[in-house]
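This is what each chain is made of:
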Amino acid sequence: MTAAHRFLPFGTRVRITNETTGATAAVRINDRGSFIKGRIVDVSKGVAERLGFCKQGIAIVRLEVIREP
């Protein structure tokens, strides 16, 4: 389970929570992004499926750093 973030260090573990459904996923930051205005994180397809927004493509989420590298 991986995600991209603009400035968190690679290897940082983050808990992402879908604010609408309450579904959560723990992911590792392994890339840079999102570079689209207003977006804070890009997630892999598996994460989007687990959080329940794969078909919509976007969702309002909350990030919580679990562990820094």
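Criteria and cut-off values
- Residues numbered from 1 in each chain as written.
- Predicted model: local features only at pLDDT ≥ 70, side-chain atom pairs only at ≥ 80, totals over all residues.
- Heavy atoms only, no water.
- Pairing = 2+ DSSP bridges.
- Helix = DSSP H or I, 4+ residues; strand = E, 2+ residues; numbered from the N terminus.
- Axes fitted to C-alpha atoms, helices over the stretch in contact; angles between N-to-C directions.
- Salt bridge = Lys/Arg side-chain N within 4 Å of Asp/Glu carboxyl O.
- Buried < 20%, exposed > 50% of the residue type's maximum accessible area, 1.4 Å probe, protein only.

### Some details on the pairing of strand S2 (residues 13-18)
Line of reasoning, step 1. In terms of strand pairing, S2 meets strand S3 (residues 24-31) through five bridges, oriented antiparallel. Considered in S3, the bridge of Arg13 is made with Arg28.
Line of reasoning, step 2. In this structure, the hairpin formed by S2 and S3 is closed by a connection of five residues, where Gly22 is found at a positive phi of approximately 85°.
Line of reasoning, step 3. Summarising the sheet, S2 and strand S5 (residues 61-67) pair through six bridges and their orientation is antiparallel. Of the residues in S5, the one forming a bridge with Val14 is Val65.

### Comments concerning the sheet that holds S5
Line of reasoning, step 1. Spatial strand order, S4-S1-S3-S2-S5: five strands in an open sheet with mixed pairing. Two strands close off the open sheet at either side, each with one partner strand: strand S4 (41-43) and S5. Strand-to-strand twist of the sheet, defined as the mean angle between neighbouring strand axes without regard to direction, takes the value 40°.
Line of reasoning, step 2. Examined bridge by bridge, strand S1 (residues 2-5) and S3 share three bridges and lie parallel to one another. Note that in S3 the partner of Ala3 across the bridge is Ile29.

### Points about the pattern of salt bridges
Between side chains of opposite charge, a pair can form as their charged atoms come close.
Line of reasoning, step 1. Overall, the coordinates contain two salt bridges when judged by the stated rule.
Line of reasoning, step 2. Here Arg15 and Glu64 are joined by a salt bridge, their closest N and O atoms 3.2 Å apart. Linking Arg15 in strand S2 with Glu64 in strand S5, this pair joins segments that are 49 residues apart in sequence.
Line of reasoning, step 3. Overall, Glu64 belongs to the partly exposed group, its relative accessible area being 40%.
Line of reasoning, step 4. Notably, a salt bridge pairs Glu19 with Arg62, separated by 2.8 Å at the nearest N-O pair. Of the two residues, Glu19 is situated in the loop between S2 and S3 and Arg62 in strand S5; the sequence distance between them amounts to 43 residues.
Line of reasoning, step 5. Under the relative-accessibility criterion, Glu19 is labelled partly exposed at 39%.

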